[in-house]
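# Survey of secondary and tertiary structure
Chain by chain, the residues run as shown.
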Amino acid sequence: DAGVIQSPRHEVTEMGQEVTLRCKPISGHNSLFWYRQTMMRGLELLIYFNNNVPIDDSGMPEDRFSAKMPNASFSTLKIQPSEPRDSAVYFCASSIRDTEAFFGQGTRLTVV
Amino acid sequence: SQQGEEDPQALSIQEGENATMNCSYKTSINNLQWYRQNSGRGLVHLILIRSNEREKHSGRLRVTLDTSKKSSSLLITASRAADTASYFCATGYGQNFVFGPGTRLSVLP
């Protein structure tokens, strides 16, 4: 398996634009997590899904953030409208229940 | 907060020395995991220890868990320059993982 695949690897966008981050989890994994990492706040859990159903989205910072998992092999994290303070590295991870999480390489988002 | 806290925040040692990092947490957990992150890369899973286990080994890594003290330690023996990275503990609650702020380890050649 190729591991967790995230796209794009880098994204630079202007403030106010919509940004969509994509994630393909490892086949057979039933949990998917979205994290955001910044120097100031460290690694924050935004939302996680189990069997494609959002379980806990309490980490989603604002209504500008939304996440979907239409099927077991694909998830998106959308920011609309984007703001400079959203600049961070966004990680997607997947796991089988109660075991280790496998992380993608991340998407580095810069909002100017 | 459920978040684990690593200690120290930063650690600098000479190659060949052992490195010990600690993690404390506040609530009951199902398991505790350690991850490594090299600069600019994703996190890589190192080892998982379940709440009913006390010690686990993997190569040069040794992890202990003391649920009565709500703490864990990660020992890296005979460190190498390639071990330079940030190390995170993640406390597992059901299906969720909560990461601490990490320990930045620098291994000097």
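Overview of the structure. Fair warning: this is a prediction, and the values are worked out from it, not measured in the lab. Numbering of residues starts from 1 in every chain and runs along the sequence as written. As a convention, the first chain written is A and the first ligand written is 1, with the rest following in written order. In view of the model being predicted, local features appear only for residues whose pLDDT reaches at least 70, and side-chain atom pairs are presented and counted only at 80 or more, with totals across whole chains, interfaces and linings using the full set of residues. Side-chain calculation: all heavy atoms of the structure are included, whereas hydrogens and water are not.

All names here are of chain A. In this scheme, strands are said to pair when DSSP sees at least two bridges between them. Strands are runs of DSSP state E lasting at least two residues, helices are runs of H or I lasting at least four, and both sets are numbered from the N terminus onward. Pairing is antiparallel across the open sheet formed by 4 strands, whose spatial order is β1-β3-β8-β7. Edge positions in the sheet fall to β1 (5-7) and β7 (65-71), since each has one partner strand and no second. If you compare each strand with its neighbour and ignore which way they point, the axes differ by 15° on average. With 3 bridges connecting them, β1 and strand β3 (residues 19-24) associate as antiparallel partners. What sits directly across from Gln6, in β3, is Cys23. Each axis is a line fitted through C-alpha atoms, taken for helices only over the stretch in contact, and angles between the N-to-C directions span 0 to 180 degrees.

The criterion for a disulfide is a pair of cysteine sulfur atoms lying within 2.5 Å. One pass over the structure, following the stated rule, counts 2 disulfides over all chains. Across a sulfur-sulfur distance of 1.9 Å, Cys23 of chain A and Cys92 of chain A are joined as a disulfide pair. Sign of the S-S torsion, about -65° for the bond between Cys23 of chain A and Cys92 of chain A, identifies this disulfide as left-handed. Taken together, the residues Cys23 of chain A in strand β3 and Cys92 of chain A in strand β9 (residues 88-95) connect sequence positions 69 residues apart. Considered together, Cys23 of chain A and Cys92 of chain A belong to a single accessibility category, that of buried residues. What pairs with Cys23 of chain B in a disulfide is Cys89 of chain B, and their sulfur atoms sit 2.0 Å apart. Each residue is placed in one exposure class: buried if its accessible area under a 1.4 Å probe, protein chains only, is under 20% of its type's maximum, exposed if it is over 50%, and partly exposed if it falls in between.

Residues and elements named next belong to chain A. For Phe, Tyr and Trp, rings pair up if their centres lie within 6.5 Å, where Trp contributes its six-membered ring, and each pair is then called stacked (planes under 30 degrees apart), edge-to-face (over 60) or tilted (otherwise). Here the structure, examined in full by the defined rule, presents 8 aromatic pairs over all chains. Between Phe33 and Tyr48, the ring centres sit 5.5 Å apart and the planes meet at 25°, which makes this aromatic pair stacked. Residue Phe33 is located in strand β4 (residues 31-38), and its partner Tyr48 is located in strand β5 (residues 42-50); the two are separated by 15 residues in the primary sequence. On the basis of relative accessibility, which here comes to 0%, the residue Phe33 falls in the buried class. Considering the side-chain rings of Phe91 and Phe103, the 6.2 Å spacing of their centres and the 75° angle between planes classify their relative orientation as edge-to-face. Of this pair, Phe91 sits in strand β9 while Phe103 sits in strand β10 (residues 102-103), placing them 12 residues apart in sequence. The buried category is assigned to Phe103, whose relative accessible area is 9%.

This part is about the sheet that holds strand β1 (residues 5-7) of chain B. Residue and element names in this part refer to chain B. One open sheet accounts for 5 strands, arranged β1-β3-β8-β7-β6; its pairing is antiparallel. Whereas interior strands pair on both sides, the edge strands pair on one side only; in this sheet they are β1 and β6 (55-58). Between one strand axis and the next, the sheet turns by 15° as a mean value, whatever way the strands run.

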